[in-house]
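Listed below, chain by chain, are the residues.
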Amino acid sequence: MDNLLFEHNPNPMLIYDKGTLKILSVNKVFSEKYQYSQKEIEQQEITIKDIRPREDVPKMLELLKTLDDAGINKRSIYRHQSKEGNIFYVQVTAQKFSYRGHDSRLVVCHDVTAQVESEKRIKKALNELQHHINNTPLASIKWDREFKILEWSGQAENIAGYSEEEVKGKNLFAIDFFDQAEAKKIKKNIRDLIRGKHDRNQFETKVEHKDGTEIYIKVHSSSLRNEEGELQSVLTFIEDITEQKKSDIKYQRLFENANDSILILKNGLFVDCNKQTEVLYGAPKHKIIGKSPAYFSPEKQPDGSISATEVSKRINKALETGSHLFEWQHQNTKGDLIDVEVSLNKITFPEGEYLQAIVRDLTDRKESERALRTSLQEKQVLLEEIHHRVKNNLAIVSGLLEMQTMQVDDEQLTRYMQNSQLRIQSMAIVHEMLYKSGTLSEIKFKNYVNKLVTIISNVLEPDSKNIALHVNVDDFTLNVNEAIPCALVISELITNAYEYAFKGRKKGEIWIDISENEDIIHVSVRDNGIGLPDDFDQKKDMSLGMNLMENLCLQLETHMEIESGERDTCFSFTFKRTDKPGSSSLNRI
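None of these values were measured; they are calculated from a predicted model.

So, how was this worked out
- Residue numbers here run from 1 along each chain, matching the order of that chain's written sequence.
- Local features in this predicted model are restricted to residues of pLDDT 70 or higher, and side-chain atom pairs are both shown and tallied only at a pLDDT of 80 or more, whereas totals for entire chains, interfaces and linings draw on every residue.
- Note: side-chain values were computed over all heavy atoms of the structure, leaving out hydrogens and water.
- What goes into a patch is any residue over 30% in relative accessible area without a salt bridge, connected to like charges within 9 Å or, for nonpolar side chains (Val, Leu, Ile, Met, Phe, Trp, Tyr), within 5 Å.
- Here the accessible surface of atoms and residues is derived via Shrake-Rupley with a 1.4 Å probe, and residues count as covered only by protein chains that are part of the display.
- Just to be clear on terms, a salt bridge is a Lys or Arg side-chain nitrogen sitting within 4 Å of an Asp or Glu carboxyl oxygen.
- Positive residues here are Lys and Arg, negative ones are Asp and Glu, while His and the chain termini are left out of the count.
- Positions of charges follow a simple convention, taking NZ of Lys, CZ of Arg, CG of Asp or CD of Glu.
- Buried residues are those whose accessible area, probed at 1.4 Å on protein chains only, stays under 20% of the maximum for their type, while exposed residues exceed 50% and partly exposed ones sit between those limits.
- Lining residues are those with an atom within 4 Å of a point, where the points come from a 1 Å grid over the protein atoms alone and group into cavities, where a 1.4 Å probe fits but cannot get out, or pockets, open sets with protein on both sides within 12 Å along at least five of seven lines.
- Grid points are joined across faces, edges and corners, and a volume is the space filled by probe spheres set on the points.
- Only DSSP runs of H or I reaching four residues or more are called helices, and only runs of E reaching two or more are called strands; each is numbered from the N terminus.
- Charged residues are taken to be Asp, Glu, Lys and Arg, nonpolar residues to be Ala, Val, Leu, Ile, Met, Phe, Trp, Tyr, Cys and Pro, and polar residues to be all remaining types, Gly included.
- What we call a nonpolar core is a set of buried Ala, Val, Leu, Ile, Met, Phe, Trp, Tyr and Cys residues that are connected through their side-chain atoms within 4.5 Å.
- By definition, residues are in contact when any of their heavy atoms lie within 4.5 Å.
- Only strands that DSSP links by at least two bridges are regarded as paired with each other.
- For helices, the fitted line uses only the C-alpha atoms of the stretch in contact; every axis is such a line through C-alpha atoms, and the angle between N-to-C directions lies from 0 to 180 degrees.

Attention now moves to a negative patch on the surface. On the surface, a cluster of negative charge is contributed by Asp 176, Asp 179, Glu 208 and Asp 211. Asp 176 sits in the exposed class, given a relative accessible area of 57%.

On inspection of all chains with the given rule, the structure shows three cavities of 30 Å³ or more. Reported here for the largest cavity is a volume of approximately 150 Å³. For the largest cavity, the lining is made up of 15 residues, of which Pro 293, Phe 326, His 330, Val 342 and Leu 344 are closest to its centre. For the lining of the largest cavity, the elements supplying multiple residues, two or more each, are β11 (261–266), α12 (307–321), β13 (323–331), β14 (337–349) and β15 (352–361). Counted by class, the lining of the largest cavity contains 13 nonpolar, one polar and one charged residues. For the second largest cavity, the calculated volume is near 120 Å³. Going through the elements one at a time, β6 (139–143), α8 (180–194), β9 (214–225) and β10 (231–240) are the ones with two or more residues in the lining of the second largest cavity. The element best represented in the lining of the second largest cavity is β9, accounting for three residues.

Our focus in this paragraph is the nonpolar core. In summary, soluble globular proteins display a tendency toward joint burial of nonpolar side chains. Judged by nonpolar contacts, the single largest core of 43 residues is most densely connected at Phe 445, Ile 490, Ile 512 and Ile 514. Looking at this core, the elements that each hand over two or more residues are α15 (445–460), β17 (466–473), α16 (480–501), β19 (507–517), β20 (520–527), α18 (544–555) and β22 (569–576). Per-element accounting of this core gives the leading share, 13 residues, to α16. In contact with Ile 512, other than residues within four places in its own chain, are Val 449, Val 453, Leu 469, His 470, Val 471, Asn 472, Ile 490, Ile 494, Ser 524 and Val 525. In terms of nonpolar packing, the next biggest core, distinct from the first, is built from 28 residues, Ile 149, Tyr 162, Val 167 and Ile 186 among them.

Our next topic: the environment of Ile 306. Structurally, Ile 306 can be placed in the loop between α11 (285–288) and α12. On the basis of relative accessible area, Ile 306 is assigned to the partly exposed category, the value being 46%. Sequence separation between Ile 306 and Ala 294 is twelve residues, and the spatial gap between their C-alpha atoms is 9.4 Å. Beyond its immediate stretch of four places on either side in the chain, Ile 306 contacts Glu 299 and Lys 300.

Time to look at the sheet that holds strand β5 (residues 102–111). Strands belonging to one sheet form pairs held by backbone hydrogen bonds; the direction of such a pair is parallel or antiparallel. Strand order in the open sheet formed by five strands is β2-β1-β5-β4-β3, with antiparallel pairing between adjacent strands. Sheet topology places β2 (23–26) and β3 (76–81) at the edges, where each strand pairs with a single neighbour. Each adjacent strand pair in this sheet contributes to an overall mean axis angle of 40 degrees, direction not counted.

This part is about the environment of His 286. Along the chain, His 286 turns up in helix α11. Here His 286 falls in the exposed class, since its relative accessible area comes to 61%. Spatially, the C-alpha atom of His 286 lies 9.6 Å from that of Cys 273, the residues being 13 residues apart in sequence.

Shown next as structure tokens:
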């Protein structure tokens, strides 16, 4: 019967000699688990040391020495290994047994590997959890339904200043940690947990550190109940939010004391605003919250758009792009219109998307702009009048010279007076074009040159000669400081060509080419006349016209280049357009 139980036992069984530790017999389950057959057991010297990992053998031998002689029901868990080296855990029960004359032991090995591995995982998880609890920035406190503290973590000591020894077993509210008002609020939240209104809650409160420092905390609590629903304990995690709270308070002060109106919108409605908004709209905060921006706007904006429709467009654009800056017109509760600049910025929180609106009152700036615009218009009218009067005065002087010319018989004197008349007219044209232009400082040089050439031609064209003028001017503008000296030089060159280039000839041609490339102005006046005389340099030094042109070229920071041959003569100069504002510098002539 015993042999039958041995062979058919569901657990591995073996019999070993106490003295030699040699395994004498094993059952079928043992052979399958440990991979040793009965034949191997009988033919080889296999001991119980062979079914243990090598490093466990010394400990096993020491343990065998401590066992009593009977060795009955000594239950322990050990590591065993199979013939192939597979290690597993077994719970061993041994008892004294007589086998074929040997002082032996009968051993039952119950495989508990799954249990041991599970316990290891649980222990590891508990160790990890404890590690995280000990090292988390959150303080953990465990207490019972009577508010007695059961556990108090190291971080709780850091936040509150009280050690575990000072608080463990004490009522949570017996500690000088809460002021009276805060204690009432916290007790209410905790009682709700105890009574089962909810299993967890979260709230913020203000407490006092052991050293008297005021700190702000966020409390996260959850309750643990048994199967009957009775409260067993409450676990509370405390987060120190003092720095965040100080930052929030600082932000709130900046928010409230800002010079600009600041509003918060959600779903197109105001949900918060600062004091300056109450001043801007002329309404208390509670009458602003819940309203749309269109409520504090006229029906239409200055550009004619409907305010309610435009508000939706602006809000949608800010939500799509993240920000939007624009000018707007609000209307306060008295009906006064207020020009403002609005900056919308999207802010995303866990609970949704908000818009922050910073509204800046532009009333003073708009008044200043209107005053400046009026002043500018007045100055523009004044400047136009000055140019007009200068032009008229120059026209009077030119007319007087023309009348005087008609009374002079001296041909050379007449020529001098005509030259002076043309110089005056070239300046008069500038002032005429300026007061008719929009800028009052720049003129279209192509129009100027064409008009100037026409006047010169009408004044100087002799009846006995046919002089053809070819004008080619790029379309560009010049500042008055550059237009006048440039035009005077051109006038002198054309006048000189009429006077000297075609002596002894019935006809001739003059080419005026003026081009502009990347602010570089190139001017040339060429004729197909008789060329310059051999003693031109000596006459140049004595000529008023040549001296005048040299001074004008100095104003343009350039110099005249002269090329003369038997068939033509060309005067040219190049200067860089600077567009310097201000009045002309003709006083340098």
